[in-house]
Amino acid sequence: MRLLHEDGHFGIHGYTDIEWSARSIISLICTLQRPVTVLDYGAGAGTYAEAVHKVLSWAKVSCYDPFYPKWKDLTDPEIHDVVNCTDVMEHVELECVENTLKYIAQRARFMALFSIGTEDAIKTLPDGRNAHITQKSPRWWADKLREHFAIVDYALTDGMVLFACQPIDMTERLRADGAYERTELGGRLRLAEKVGGK
């Protein structure tokens, strides 16, 4: 990942899935009946945070990217209501995928959103390898994510798969947050819990 950031032209397109991401975050806001915190994991230049700030005043976004100069000296992030991970996992070395997903799961209180490339990137690394060093099928990624989350929504696009995930113990987390006391309906996520669990 560090090699991709050296030329300064990497991590500038995190806003491309903002509509899909915003719908998921709005669903959570409706469920919790309060503002939410969002961690942009692999924030790059911070374009996702800027886009969310423009459309969702109830979402406070923090950026984290240990390989991007603007964010590299920040401490490890705390737990956030949502973790967004756009255009990151396909750049993670295969042997690091498990630990990266575990790290994200530990910081996602209610939801994790992933946008993962499944085809060649335009860019190459200095050693000649394609920048998408972990190109796997949508099914492979779904199986990996299910080791840590329940998948509640997904979408396939050209060369990319999008996942909306939540923790397996979602009901307990919503109760602990007081979401059930704030609303009778419990929002979309109450039903979603029954759709994608193990």
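The paragraphs below set out a description of the structure included in this document. (Residues numbered from 1 in each chain as written. Predicted model: local features only at pLDDT ≥ 70, side-chain atom pairs only at ≥ 80, totals over all residues. Heavy atoms only, no water.)

## Considerations on the environment of Thr86
Relative to the helices and strands, Thr86 is located in strand 3 (residues 80-86). Linking Thr86 and Ile116, residues 30 residues apart in sequence, is a C-alpha distance of 6.7 Å. (Helix = DSSP H or I, 4+ residues; strand = E, 2+ residues; numbered from the N terminus.)

## Notes on the pattern of salt bridges
Here the structure, examined in full by the defined rule, presents nine salt bridges. Across the pair Asp177 and Arg34 runs a salt bridge whose closest N-O atoms are separated by 2.9 Å. A residue pair is termed long-range when its members are at least 10 positions apart, and Asp177 in helix 6 (residues 170-177) and Arg34 in the loop between helix 2 (18-32) and strand 1 (36-41) qualify at 143 residues. Residue class for Arg34 comes out buried when judged on its relative accessible area of 18%. Connected through salt bridges with shared partners, the residues Arg34, Asp81, Arg109 and Asp177 form a single ionic network. (Salt bridge = Lys/Arg side-chain N within 4 Å of Asp/Glu carboxyl O. Buried < 20%, exposed > 50% of the residue type's maximum accessible area, 1.4 Å probe, protein only.)

## Observations concerning unusual backbone geometry
Negative phi is the rule for most residues except glycine; trans is the rule for most peptide bonds. Although it is not a glycine, Gln33 sits at a positive phi angle of roughly 60°. With respect to the helices and strands, Gln33 occurs in the loop between helix 2 and strand 1. By relative accessible area, which is 40% here, Gln33 ends up partly exposed. Here Asp87, not a glycine, exhibits a phi torsion of approximately 55°, which is positive. Within the secondary structure, Asp87 sits in the loop between strand 3 and helix 4 (97-107).

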